[in-house]
Amino acid sequence: MKNTFGLGQLLVAGMILCCTTQVSAQLYTGLEADKYVPGAAMVKMKSNTNIPEFIRFRSGQEIGIDSFVQWLKKTFKLDRGFTLELIKTQSDRIGFIHYRYQQYYQNIPVEWSNYFVHTKNGKIISANGTLFSSINSNVSADISEENALGFALNHVSANTYMWEVPSEENLLKFEMGNPSATYYPKGSLVIISPTFEDAVFGLAYRFDVYASDPLYRADVFVDANSGNILFESNSIHTVDSTGTAVTAYSGNQTMIADYTGSNFRLRETGRGNGIQTFDMNTGTNYGSAVDFTDGNNFWNNVNANQDEVATDAHWGAEMTYDYLLSEHGWNSIDNSGFLLRSYVHYGNNYSNAFWNGTRMTYGDGSGSYNPFTALDIAGHEIGHGLMDFTADLVYSYESGALNESFSDIWGTSVEFFGRPSNANWLVGEDIGVTLRSMSNPKAYGDPDTYLGTNWATGPGDNGGVHTNSGVQNFWFYLMSMGGTGTNDNGDAYNIPAQGISKAGAIAFRNLSVYLSTNSQYSDARFYAIQSAIDIYGACSPEAVATTDAWYAVGVGLPFDSTVTSDFNANPATSCQAPFTVSFTNLSTNGGAFFWDFGDGNTDTLASPSHVYTTYGTFTVKLVTDGNPCGIDSITKVNYIDIDSLIPCVVIMPVTGAGDIQLSCTGTVYDNGGPSGTYTDNTDNQITISPTGASSVTLTTISFDIEPGSGGSPPCNYDYVEFFDGPNTASPSLGKWCNTTGPPGPVTSSGGSITIFHHADPAVNGDGFEIQWACTMPNSPPSANFTVDNTTTCTGDVQFTDLSTNGPSSWNWNFGDGGSSNQQHPAYTYANSGTYSVKLVATNGFGSDSLTMTSYIVVSKPTAPNTTSASRCGAGTLNLSASGSGTLNWYDDSVGTNLLNTGGTFTTPSLSTSTTYYVEDVIIPPSQNAGPPDNT
């Protein structure tokens, strides 16, 4: 019931639920597309795998995250042993949710093989990373984990390991909150390609080996069949390979320390899960470290031990935390408040600082090197920790150079953030010896051009990770400050300054969203441009500068400002209207778009879908505006062709029901199309219902559907099933798979037939090609129909026409005064009662009628009795209702938001008339069925 009340009054409508108590895809300069992938607007490939390292989906063709793995397997025909495991999910400031997957082969992880999927509003916008469709590796180990560890320890050959030092073991147990924690290496089997270039894989044990004398920590990979050392990935990331030192005076700064009741310590809990700084007293045993203390929280602890540098380390950690949070919205290095621990006075005259995978460590230096606690070095070392929780770039050759460069970027950014009046583009200058220059890398023997002067080759310094970092360092400087010049390749450049904040935003998105473990300089360029586009837009000054700055350091081409307008549509022809066309925008450097579809309709989306409602040929025009880059347009004459004489070619949907086919003849393929295999773990269907047809005949041209298990039914895995009517509620005409063989010609008894395809999660086949042809009637139809239920407590009834001999029009009388001219109407009876239904079916030769007497019985339960309430002015109201069951209150008519349970409900404060709903849930008594002896 529904009534209207005056202003200020409140209506409560009674209801009952019964029976069931349910109450833009675009190409941009610098992003090279080099392979076509169905559904994708842009693809970037790697030479050692056929799975793209980058995919951007067409607007309107994006898939959901739940379908991604199946789409990947189907599109690239992956080995059956291929699986992906979701290992991380994160959201960002511009509305994206990013999913990180680890590849497995035969349930063994493939080292450094990750894929990142970037979604917005529930749809996948793009994906990138490194995956392999074919591994072909032995997955059986010939040597035991114990023997493999022996090979690893022989390779390291340390004097003392961390697990041999009781105090270190005890400290680890305390830090981890786990009494079983130990440094003793536990081997895990992985599949690894040591060179990562030729995609030749082997089975290996991976051990995290940590030594205290001499200092060493790395993941050591031991061939599981030969015992050879395949690779080692360093976990000790230092400021410089030759050692660095720092005495970090940054003037008087405000910092946080805690109070024990008797003195102050360099600890705080306000930032993330805390920041703590400890004194190693020139030792190397972390378990023996103690707190730095002060009596009045004025930390002027200048002494012979140089304890004043402890406050530099502590304040440096605070500034790094604040920089990540305020500039990038990132909570510590793991975005979850990771506890930042710093250890000062490490070793006797130790000239270095390093991140060891869990903590920062600073030596006091010797000779020309002062203690290593400078602000930029603190930001650098904590930056290595950030690396572990983001791209995790392998510390070797180009990926290692990027690893070091990103830490230099964060160290310099923190310096400009924490002490802007005393910041510069040198790395480590405060410690007495400058290590690197970001503004002039060559001044300290580093390259400013990729493969140019000073480029390091060979295995030293893990493949030149500190030296070759100069290339991205100089890119970051040019992005921040701008610059003109000519690089080692003879290429002139002129880069306008974007500022360190914008440069940092682009670098951070590149690291945290796109790059993966084995990314190279070409990847850093590609995804830096994509990051700039994400944040600032295509053809923006930031995207132009990003591209040109990489060109300035010898990576990639300069920005091409030419605006080109181009598009396609697949398919562009149809045998019937209405016809939905998905347009793919192939323009470059476009920011705004105007479409003229040729039928009087327009659109401004990047890659729109448009529905043509009439037959004919249509000319399509696209105008691409790349302000400030320019404008371009393209016109494709008679591009869209919709004609009933065109043969119909239909591909089954990936899942769900496709459009009803009205043509008399055509061909239907499985959802893999003419050349692909069908998708696993899907159910899809399509109905063929030519207007006026008396029957439809299906003829199988090709057929390959996974065979059944050989039991009964014979097709219990994948199968194709035909239904004699407009949906899967119609009578089944049979199931087929490779066990039964392909179906012979199948003819419907009426003018509609439905094809249903089921695929389970495992094996599939090439699918099917089926042609259809209809028979037109030469006599009047024979009327017939059915319903989903003749007895209903809701009043909702679905009617299905089963008339034969091709009716072309229908007239329904539902017995309560309601009627319909649809072929398969859904109708709702408003009142309880018993109703007779009549159908008149008509074609060009005459009519026939069928009346079903007392056919539908509607038995609606009684709605609860309700009492409305009103008041003058804003405020709450007390509502009441009564019924025979449980009363549930809602603010919507379908019962999705439960507000209260019981006979009364007090509203929130109201200022306008509002309708609430109450349902009476009546649970029938339990029904017991079975033989008297309970067998």
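Residues numbered from 1 in each chain as written. Predicted model: local features only at pLDDT ≥ 70, side-chain atom pairs only at ≥ 80, totals over all residues. Heavy atoms only, no water.

Asks: How should the state of the cysteines be read in this particular structure?
Replies: Put plainly, two cysteines are in a disulfide when a covalent bond ties their sulfur atoms together. Per the stated rule, a full pass over the model turns up four disulfides. Paired by a disulfide, Cys-539 and Cys-629 hold their sulfur atoms 1.8 Å apart. Remark: Cys-629 occurs in the loop between β33 (616-625) and β34 (631-642) and Cys-539 occurs in the loop between α10 (521-536) and α11 (541-552); sequence separation between them is 90 residues. Relative accessible area serves as the criterion here: at 4%, Cys-539 is assigned to the buried category. Residue Cys-664 pairs covalently with Cys-774 via a disulfide, S to S 1.7 Å. (Disulfide = S-S within 2.5 Å. Helix = DSSP H or I, 4+ residues; strand = E, 2+ residues; numbered from the N terminus. Buried < 20%, exposed > 50% of the residue type's maximum accessible area, 1.4 Å probe, protein only.)

Asks: Is there a simple way to think about empty space enclosed by the protein in this case?
Replies: The method is simple in principle: a probe with the dimensions of a water molecule rolls over the atoms, and the space it marks as empty is what remains. Counted as a void, the largest cavity has a volume near 90 Å³. As for the largest cavity, its lining consists of Lys-88, Thr-89, Gln-90, His-98, Tyr-99, Arg-100, Phe-116, His-118, Phe-389, Thr-390, Ser-512 and Val-513. Contributing elements (two or more residues each) for the lining of the largest cavity: β4 (82-91), β5 (96-105), β6 (108-120) and α9 (500-514). The residue inventory of the lining of the largest cavity, partitioned by class, reads four nonpolar, six polar and two charged. (1 Å grid on protein atoms, 1.4 Å probe; cavity = no way out; pocket = protein on both sides within 12 Å on 5 of 7 lines; lining within 4 Å. Points joined across faces, edges and corners; volume = space filled by probe spheres on them. Nonpolar A, V, L, I, M, F, W, Y, C, P; charged D, E, K, R; others polar.)

Asks: I keep staring at the layout of surface pockets and nothing clicks. Help me out?
Replies: The calculated volume of the second largest pocket comes to roughly 1,400 Å³. Lining the second largest pocket are 48 residues, and of these Asp-208, Asp-219, Gly-357, Asp-388 and Asp-392 lie nearest its centre. Those elements giving two or more residues to the lining of the second largest pocket turn out to be β4, β5, β6, α3 (166-176), β9 (188-192), β10 (202-213), β11 (215-223) and β12 (229-234). With five residues, the top contributor of residues to the lining of the second largest pocket is β6.

Asks: Teacher, can you tell me more about the nonpolar core here?
Replies: Soluble globular proteins tend to pack their nonpolar side chains together in the buried interior. Residues Tyr-362, Phe-406, Trp-410, Trp-475 and Leu-478 are the most contacted members of the largest nonpolar core, which totals 80 residues. A per-element tally of this core places helix α4 (residues 309-328) first, with nine residues. Excluding residues within four positions of it along the chain, Trp-410 makes contact with Tyr-323, His-328, Gly-379, Gly-383, Leu-386, Gly-504, Ala-507, Phe-508 and Leu-511. Core analysis: the next-biggest nonpolar cluster, separate from the first, contains 39 residues, Ala-152, Ala-158, Met-162 and Val-222 among them. (Core = buried A, V, L, I, M, F, W, Y, C linked by side-chain atoms within 4.5 Å. Contact = heavy atoms within 4.5 Å.)

Asks: What should I look at first to understand the sheet that holds strand β45 (residues 785-787) in this one?
Replies: Overall, antiparallel pairing links the three strands, which are arranged β45-β47-β50 in an open sheet. Strand pairing shows two members of the sheet lacking a second neighbour, β45 and β50 (826-828), which therefore form its edges. Mean inter-strand twist for the sheet, computed between neighbouring axes without regard to direction, equals 30 degrees. Summarising the sheet, strand β47 (residues 796-801) and β50 pair through three bridges and their orientation is antiparallel. (Pairing = 2+ DSSP bridges. Axes fitted to C-alpha atoms, helices over the stretch in contact; angles between N-to-C directions.)

Asks: Would you explain the sheet that holds strand β30 (residues 592-596) in this entry?
Replies: Two strands in a sheet stick together by hydrogen bonds in their backbones, pointing the same way (parallel) or opposite ways (antiparallel). The five strands are arranged β28-β34-β33-β30-β31 in an open sheet whose pairing can be described as mixed. Edge positions in the sheet fall to β28 (573-574) and β31 (602-603), since each has one partner strand and no second. Two elements, β30 and β33, share five bridges in a ladder whose sense is antiparallel. The partner of Ala-592 across the bridge, within β33, is Asp-625.

Asks: I tried to follow the pairing of β30 on my own but got confused; where do I start?
Replies: Strand residues, when the strand is regular, have side chains that alternate between the two faces of the sheet. In β30, alternate side chains face the same way, and those of Phe-593 and Trp-595 are buried while those of Ala-592, Phe-594 and Asp-596 on the opposite face are not. Pairing between β30 and β31: two bridges, direction antiparallel. What sits directly across from Asp-596, in β31, is Thr-602.

Asks: What's the story with helix α2 (residues 145-156) in this structure? I'm lost.
Replies: Owing to its 3.6 residues per turn, the α-helix aligns residues three or four sequence positions apart on the same side. Helix length check: α2 (12 residues) gives 17 Å between terminal C-alpha atoms against 16 Å at 1.5 Å per residue, within 8%. Three or more residues of α2 are buried, namely Ala-148, Leu-149, Ala-152 and Val-156. All buried residues of α2 fall inside an arc of 100 degrees around its axis, so they share one side. Projecting away from the buried face of α2 at angles above 90 degrees are the exposed residues Glu-146 and Asn-154. Buried residues belonging to α2 abut β8 (160-161), β10, β11 and β12. One or two steps after α2, the chain reaches Ser-157, where phi turns positive at roughly 55 degrees. (Expected span 1.5 Å × (residues − 1). Arc of directions from axis to C-beta.)

Asks: Can you help me understand unusual backbone geometry in this one?
Replies: Negative phi values dominate among residues other than glycine, just as trans dominates among peptide bonds. Cis rather than trans, the peptide bond between Asp-213 and Pro-214 has omega equal to -10 degrees. Looking at where Pro-214 falls in the secondary structure, it is placed in the loop between β10 and β11. Cis geometry marks the peptide bond from Ala-577 to Pro-578, where omega comes out at 0 degrees. Positionally, Pro-578 belongs in the loop between β28 and β29 (579-585).

Asks: Honestly, the packing of α4 against α9 in this entry has me stumped. Any pointers?
Replies: Working note: a packed helix pair is described by the angle between its axes plus the distance between those axes. The contact between α4 and α9 brings their axes to 11 Å, and the two run at 90 degrees. In terms of their interaxial angle, α4 and α9 are classed as roughly perpendicular. When α4 is examined against α9, the residues Tyr-323, Leu-324, Glu-327 and His-328 are found in contact with a partner set consisting of Ser-501, Gly-504, Ala-505 and Phe-508. Residues that form the contact of α4 with α9 fall into these classes: four nonpolar, three polar and one charged. (Parallel < 35°, antiparallel > 145°, perpendicular 65-115°, else oblique.)

Asks: Help me understand the packing of aromatic side chains, please; the structure alone is not making it clear to me.
Replies: Any two aromatic rings considered together are summarised by their centre-to-centre distance and by the angle between their planes. Going through the model one piece at a time under the given rule, you end up with 61 aromatic pairs. Considering the side-chain rings of Phe-68 and Trp-71, the 6.2 Å spacing of their centres and the 25 degrees angle between planes classify their relative orientation as stacked. Pair noted here: Phe-68 and Trp-71 are both in helix α1 (residues 68-76), with a separation of three residues, about one helical turn. The interplanar angle of 45 degrees and the centroid separation of 6.3 Å between the aromatic rings of Tyr-719 and Phe-756 together place this pair among those described as tilted. Residue Tyr-719 is located in strand β40 (residues 719-723), and its partner Phe-756 is located in strand β43 (residues 753-759); the two are separated by 37 residues in the primary sequence. For Phe-756, a relative accessible area of 14% gives the class buried. An aromatic cluster is present here, built from Phe-416, Trp-425, Tyr-450, Trp-455, Phe-474, Trp-475, Phe-476, Tyr-477, Tyr-521 and Trp-550 joined pairwise through their rings. (Phe/Tyr/Trp six-rings, centres within 6.5 Å; stacked < 30°, edge-to-face > 60°.)

Asks: Explain the confidence of the model for the chain to me, please; I cannot follow it from the model alone.
Replies: Interpretation of the predicted coordinates at a detailed level should be avoided for regions scoring low in pLDDT. Per-residue pLDDT for the chain averages 87, and the proportion of residues at 70 or more is 93%. Within the chain, the lowest mean pLDDT, 32, falls on strand β1 (residues 9-15), and the highest, 98, falls on helix α8 (residues 470-481). Counting interchain partners and residues more than four positions distant, the pLDDT-below-50 stretch residues 1-34 has 127 contacts. (pLDDT = per-residue confidence, 0-100.)

Asks: What is the right way to look at α10 in this model?
Replies: Along its 16 residues, α10 runs 22 Å from first to last C-alpha, staying within 8% of the 22 Å computed at 1.5 Å per residue. Along α10, 13 of the 16 residues are buried, which leaves the element largely enclosed by surrounding structure. Within two residues after α10, Gly-537 carries a phi angle of roughly 100 degrees, on the positive side.

Asks: Looking at this structure, I do not really get the pattern of salt bridges. What am I missing?
Replies: Pairing between side chains of opposite charge can happen when their charged atoms approach one another. Enumeration according to the criterion identifies 24 salt bridges in this entry. For Asp-258, the salt bridge identified is with Arg-265, shortest N-O distance 2.7 Å. With its nearest N and O atoms 3.8 Å apart, the salt bridge here joins Asp-291 to Arg-265. Within this pair, whereas Asp-291 is found in strand β18 (residues 290-291), its partner Arg-265 is found in strand β15 (residues 264-265), the two being separated by 26 residues in sequence. On the basis of relative accessible area, Asp-291 is assigned to the partly exposed category, the value being 24%. Ionic contacts of the salt-bridge type, sharing partners, join the residues Arg-56, Asp-92, Arg-509 and Asp-534 into one network. (Salt bridge = Lys/Arg side-chain N within 4 Å of Asp/Glu carboxyl O.)

Asks: Please clarify how the environment of Leu-899 should be interpreted in this entry.
Replies: As for its placement among the helices and strands, Leu-899 is situated in strand β57 (residues 898-901). With a relative accessible area of 32%, Leu-899 lands in the partly exposed category. Sequence-wise, Leu-899 and Pro-541 are 358 residues apart; in three dimensions their C-alpha atoms are separated by 51 Å. Once residues within four sequence positions are removed from consideration, Leu-899 is found in contact with Trp-889, Tyr-890, Asp-891, Phe-905 and Tyr-916.

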